[in-house]
Amino acid sequence: MAKIVGGISMSHVPAIGNAIAKNLQQDPYWKPFFDGFPPVRAWLDKVKPDVAVVFYNDHGLNFFLDKQPTFAVGAAPQYVNSDEGWGIPSLPPFAGDLDLSWHIINQVTRKDFDLTTCQEMVVDHAFTLPLKLLWPQDGPCPIRTVPICINTVQHPLASARRCYRLGQAVGQAIDSWDKDLRVVVIGTGGLSHQLDGERAGFINKEFDLKFVESLTADPEWSTQYSIEELVELTGTQGIELLMWLATRGALTGKVRQESFNYHIPISNTAAGLLVLENQ
Ligand code: DHB
Ligand code: FE
């Protein structure tokens, strides 16, 4: 049977791509951020996943305002990096896992979620940069991927409770997969940040830390808040923390915090990096 080894939740910021391309890992601005990754890579070397199921939010690349699915699952042989620019080298396509994609789609639909299935899907910085940070070697990313996109671009958004439940359904689907696979669940977005408007630059460290703490022992804690309250607490883009909640939902076993790094700011974002092992 498939085994969920754990979850990695982390922020995504396009400027990270530029920092990687320019080798700025030791630069004083970037070092506290990049220093979070070696322990996570050491953990990955230990748990050896074959596949990553990635909760992320598209930023208007694959889905625009004309069509905006609440939950979309990739079912493509590969996912092409087609980011918004920034002049950085684009990354090679990411391999899909068609069998696991369709298994998840079938199982999660049976649990009454209405999914959009994408047999073609281009992926932006929210998908590509976290994978590059976790597997920095040259060439294609060494593991297969299943992207799951949650809308954070156009309201109405799915509630925190619904995203948590989606994660649970995905976790149960992986657990029921009759193949000897090791799966890591990844969530990318957040933590608190707001890029525009009167509160541009808004960060809420106190809430971020409380939220992260809740994920281990009391994962439904944040589902008490409405989307509007979460935007108030974390910023318009901080709502991307829904990916962390879905990731936590997918951890079906006993959860142990393996590591956590938090650094303010990277660009306009409170950058978090959390590993929860699924025992
Ligand atoms: C930034 C953060 C994001 O989540 C994003 O998608 C784009 C930019 C930022 O802080 O610059
Ligand atoms: Fe984002």
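What comes next concerns the included structure. Just so you know, these numbers come straight off a predicted model, no measurement behind them.

Topic: the coordination of the iron ion (ligand 2)
- Coordination of the iron ion (ligand 2) by the protein is provided by His12 (NE2), His59 (NE2) and Glu240 (OE), with metal-donor distances spanning 2.1 to 2.2 Å.
- Sequence spacing of the donors to the iron ion (ligand 2): H-x46-H-x180-E. Placement of His12 in the loop between strand 1 (3-10) and helix 1 (15-21) and of Glu240 in the loop between helix 8 (227-234) and helix 9 (242-249) is noted, with a sequence separation of 228 residues between them.
- Exposure remark for His12: the relative accessible area of 3% places this residue in the buried category.
- Take Glu240: its relative accessible area is 2%, and that puts it in the buried class.

Some points on the sheet that holds strand 4 (residues 78-81)
- With mixed pairing, three strands are arranged side by side in an open sheet as 5-4-7. Of all the strands in the sheet, just strand 5 (94-95) and strand 7 (122-123) have a single pairing partner and so form its edges.
- The pairing of strand 4 with strand 7 spans two bridges and is parallel. In the sheet register, Val80 faces strand 7, and the bridge partner there is Val122.

Regarding the pattern of salt bridges
- Taken as a whole, this structure holds nine salt bridges when the rule is applied.
- Across the pair Lys67 and Asp66 runs a salt bridge, and its minimum N-O distance is 3.1 Å. The pair formed by Lys67 and Asp66 is uniform in burial state, with each residue classed as exposed.
- Look at the salt bridges and you will find they share partners, linking Lys46, Arg256, Glu258 and Glu277 into a network.

Parameters and conventions
- Residues numbered from 1 in each chain as written.
- Chains lettered and ligands numbered in written order.
- Predicted model: local features only at pLDDT ≥ 70, side-chain atom pairs only at ≥ 80, totals over all residues.
- Heavy atoms only, no water.
- Donors = N, O, S within 2.8 Å, 3.2 Å for Na, K, Ca; no water.
- Helix = DSSP H or I, 4+ residues; strand = E, 2+ residues; numbered from the N terminus.
- Buried < 20%, exposed > 50% of the residue type's maximum accessible area, 1.4 Å probe, protein only.
- Pairing = 2+ DSSP bridges.
- Salt bridge = Lys/Arg side-chain N within 4 Å of Asp/Glu carboxyl O.

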